[in-house]
Amino acid sequence: MGQGIDLQRSFVELLTQLGLPSGAARAIWLPLPMTLILIAATVSIFVTVWLERKISAAAQQRIGPEYAGPLGTLQAAADGIKLLFKEDIVPSKADPILFTLGPALVVIPVFLSYLIVPFGQNMVITDIGVGIFLWIALSSITPIGLLMSGYSSNNKYSLLGGLRAAAQSISYEIPLALSVLAIVMMSNSLSTIDIVEQQAQYGILGWNVWRQPVGFLIFWVAALAECERLPFDLPEAEEELVAGYQTEYTGMKFGLFYVGSYVNLVLSALIFSVLYLGGWEFPVSVSWLASLLNVSETTPWLQVITAAIGIMMTVIKAYLLVFLAVLLRWTVPRVRIDQLLDLGWKFLLPVSLVNLLLTAALKITFPVAFGG
Amino acid sequence: MTLAEGVQLVSFGLLAIMVIGTALGVVLLPNIVYSAFLLGGVFISIAGLYVLLNAGFVAAAQILIYVGAVNILILFGIMLVNKNQPFSPVRRGWIRLFATGGVCLGLFALLATVVFGTSWQISSAVPAGDQATVLIGIHLFTDFLLPFELASILLLMAMIGDIVLARREILTDETPADAVSDALTLPERPRELVSATGETTED
């Protein structure tokens, strides 16, 4: 792997040449990637909502949103504006502090997790050592927000929905973490950058999907359950619980749950593509193509092209997975709560443990193929 | 003072205020649900202190285990056990409050004198940084193997105990004899208690 484009170094060098001290240049650089990722994550909601509406419509042979903007692309913006201008009601016997804090606690960890999503060699906010572990840890804060909003609404449906949501996300976190652990074992690192680099050598053949077929399925099922996507959307099962923990919410507080769920879906898809689908890697190794064309890897235009391909590949892979999630929504019936817990504890947990042990055994036996 | 030092100082101050404030809230608030949520705040701010100490792995583990598991279990316990029972005011309750306060202040004074009286050895070793995860793993499987395994046996014992306690066969056909006093309990099939000495009753 060559040195990819390093925007931070170039930016800091540019500013120091303009006469700024290097500390100030770094301080100016710091907020830029964060704001960019925040904006990207917010825009991804619009794209995902539009995709969800259009694909759902296609699955049911309807047209879907049509009038707001070209092909209904502005429908999500219209929804957002509607939510912004709605009256913000706190039920009279609800607990106003917890009622307000709940949605925020659901959304903040999801946005924080974007810290570790890499879009290229150096295109990540921070390459911290604990990488993927941070995502698992942060996603375990969300159930507290759900419990908080369920409890503070002073509504039986809300409380039940909140408890269900927390139980569901706790029980699916374990198979999720175990399947991530198998990947971590193969790449000898928790850092998302290292996890992608380890899959980078043989193009599409080196991706972890081929080496972790079981782990990949477990991760997908568990991630859908963590996002409360349809086969597992029990916390808001309409015919049982009205809308679960969201029942009493209106306006932008409800909007925050909405935002949180879609950003979480995109985030899970991004992490999935990083862990199993080679992250920013093109199906054919770009450095191999470059050496075929006799172009040095440090050529500036090649670096720009590699970076652009990297971002595009990550986003394309993530949205393919979002597409799959939306399709699953209209093909799979909702499971019952006991089936959900049975699936999590009695099936996914043992299978993911066996998968972990098998990965460890294969790693010792075939260190070449399983990252010894 | 460079930018990094300034950020460290400010975040240390904020985190310290958060730890102390939320911890006081846990102890002093009468509403147990608030206390439980604030306990999560204590754990998160302590994780922030770990981050300041260059211990990212410990911080993430702290959030995962204490916030994601322990605190949620406490909340579950509070929310599922809905005993809506007001506290009956204790006569001369203020004696207890003042005694507790006195003991706490004394403990604090004792610890503070110890902290200031000891000449602490400050380690000159380079912080492990991102290598910490590997180092923790190596320690857990070499010189700390015995405590590690003991802890896992302890957890296994607790888990089996939980299963034994929670596994009840509820009889759905019969109506409870005294339904008034135990409104929330269902009739259970009586279980043979496991004898502690291992004697069997068959022979």
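Residues numbered from 1 in each chain as written. Chains lettered and ligands numbered in written order. Predicted model: local features only at pLDDT ≥ 70, side-chain atom pairs only at ≥ 80, totals over all residues. Heavy atoms only, no water.

## Observations regarding the packing of aromatic side chains
Residue and element names in this part refer to chain A.
Working step 1: Taken as a whole and assessed by the stated rule, the structure comprises 17 aromatic pairs over all chains.
Working step 2: Here Y249 and F257 contribute two aromatic rings whose centre-to-centre distance is 5.0 Å and whose plane-to-plane angle is 85°, an arrangement assigned as edge-to-face. The two residues Y249 and F257 agree in class, both being buried.
Working step 3: Put simply, the rings of W135, F216, F219, W220, F272 and Y276 pair up and form one aromatic cluster. (Phe/Tyr/Trp six-rings, centres within 6.5 Å; stacked < 30°, edge-to-face > 60°. Buried < 20%, exposed > 50% of the residue type's maximum accessible area, 1.4 Å probe, protein only.)

## Some words on the confidence of the model for chain B
Working step 1: The predicted model of chain B averages 81 in pLDDT, with 79% of residues at 70 or higher.
Working step 2: For this predicted complex, the interface confidence comes out at an ipTM of 0.82, alongside a pTM of 0.83. (pLDDT = per-residue confidence, 0-100.)

## What about a nonpolar patch on the surface?
All names here are of chain A.
Working step 1: Residues F282, V284, W288, L289, L292 and L293 make up a contiguous nonpolar surface patch of about 580 Å² in total accessible area.
Working step 2: Residue position: L292 is located in helix α14 (residues 286–292).
Working step 3: A residue is classified by how much of its surface remains accessible, and L292, at 57% relative accessible area, is exposed. (Patch = residues over 30% accessible without salt bridge, like charges linked within 9 Å, V, L, I, M, F, W, Y side chains within 5 Å. Areas by Shrake-Rupley, 256 points an atom, 1.4 Å probe, with all protein chains shown as cover. Salt bridge = Lys/Arg side-chain N within 4 Å of Asp/Glu carboxyl O. Helix = DSSP H or I, 4+ residues; strand = E, 2+ residues; numbered from the N terminus.)

## As for the side chain of S187(A)
Residues and elements named next belong to chain A.
Working step 1: With respect to the helices, strands and loops of the structure, S187 is situated in helix α8 (residues 156–187).
Working step 2: Reaching out from S187, the side chain makes a polar contact with the backbone oxygen of I183 at a distance of 2.9 Å.
Working step 3: S187 has contacts with D194, I195 and Q198, leaving out every residue within four places of it along the chain. (Polar contact = N/O pair within 3.5 Å; in protein donor to acceptor, adjacent residues only side chain to side chain. Contact = heavy atoms within 4.5 Å.)

## A short note on unusual backbone geometry
All names here are of chain A.
Working step 1: Of note in the backbone geometry, Q61 takes a positive phi value of approximately 55° without being a glycine.
Working step 2: Inspection of the secondary structure assignment puts Q61 in the loop between α3 (31–59) and α4 (75–85).
Working step 3: Residue N188 is not a glycine yet carries a positive backbone phi of 55°.

## A few points about the packing of helix α7 (residues 142–152) of chain A against helix α3 (residues 56–80) of chain B
Working step 1: The interhelical angle for the contact between α7(A) and α3(B), taken along N-to-C directions, is 20°, at an axis separation of 10 Å. Relative to α3(B), α7(A) is oriented roughly parallel. Pair α7(A) / α3(B) crosses with left-handed handedness. On α3(B), the residues touching P143(A), I144(A), L147(A) and Y151(A) of α7(A) are V67(B), N71(B), I72(B), L75(B), F76(B) and M79(B). (Axes fitted to C-alpha atoms, helices over the stretch in contact; angles between N-to-C directions. Parallel < 35°, antiparallel > 145°, perpendicular 65-115°, else oblique. Left-handed = near helix turned anticlockwise from the far one by under 90°.)

## So, the pattern of salt bridges
Residues and elements named next belong to chain A.
Working step 1: Scanning the entire structure with this criterion turns up six salt bridges over all chains.
Working step 2: Between R53 and D79 there is a salt bridge, with its nearest N and O atoms 2.4 Å apart. You can see R53 sitting in helix α3 and its partner D79 sitting in helix α4, a full 26 residues away along the chain.
Working step 3: Exposure remark for R53: the relative accessible area of 28% places this residue in the partly exposed category.
Working step 4: With relative accessibility at 17%, the residue D79 sits in the buried group.

## With respect to the interface of chain A and chain B
Working step 1: Opposite the 25 residues of chain A that make contact, chain B presents 21 residues.
Working step 2: Taking both partners together, chain A and chain B bury about 2,000 Å²; carbon and sulfur atoms supply 84% of that area.
Working step 3: Where chain A packs against chain B, one counts one residue pair in polar contact (both at pLDDT 80 or more).
Working step 4: Residue assignment for the side of chain A that touches chain B shows that the elements contributing at least two residues are α5 (96–112), α6 (131–139), α7 and α8 of chain A.
Working step 5: If one sorts the elements of the side of chain A that touches chain B by residue count, α8(A) sits on top with six residues. (Buried area = accessible area lost by both parts, 1.4 Å probe.)

## Here we look at the packing of α6(A) against α8(A)
Residue and element names in this part refer to chain A.
Working step 1: Between α6 and α8, whose axes approach to 11 Å, the crossing angle comes to 175°. Here α8 runs roughly antiparallel to α6, going by the angle between their axes. The segment α6 lies against α8, with I132, W135, I136 and S139 engaging E173, L176, A177, V180 and V184.
Working step 2: Grouping the amino acids of the contact of α6 with α8 by side-chain chemistry returns seven nonpolar, one polar and one charged. (Nonpolar A, V, L, I, M, F, W, Y, C, P; charged D, E, K, R; others polar.)

## Here we look at helix α11 (residues 213–226) of chain A
Every α-helix winds through 3.6 residues per turn, so residues three or four apart in the chain are directed the same way.
Residues and elements named next belong to chain A.
Working step 1: Taking 1.5 Å as the rise per residue, α11 with 14 residues should run 20 Å; its terminal C-alpha atoms sit 20 Å apart, in good agreement.
Working step 2: Of all the positions in α11, only G215, I218, F219, W220, A222, A223, L224, A225 and E226 are classed as buried.
Working step 3: The inward-facing, buried residues of α11 contact α6, α8, α13 (251–276), α15 (300–331) and α16 (337–365).
Working step 4: Positive backbone phi, approximately 55°, marks E228, located one or two places after α11. (Expected span 1.5 Å × (residues − 1).)

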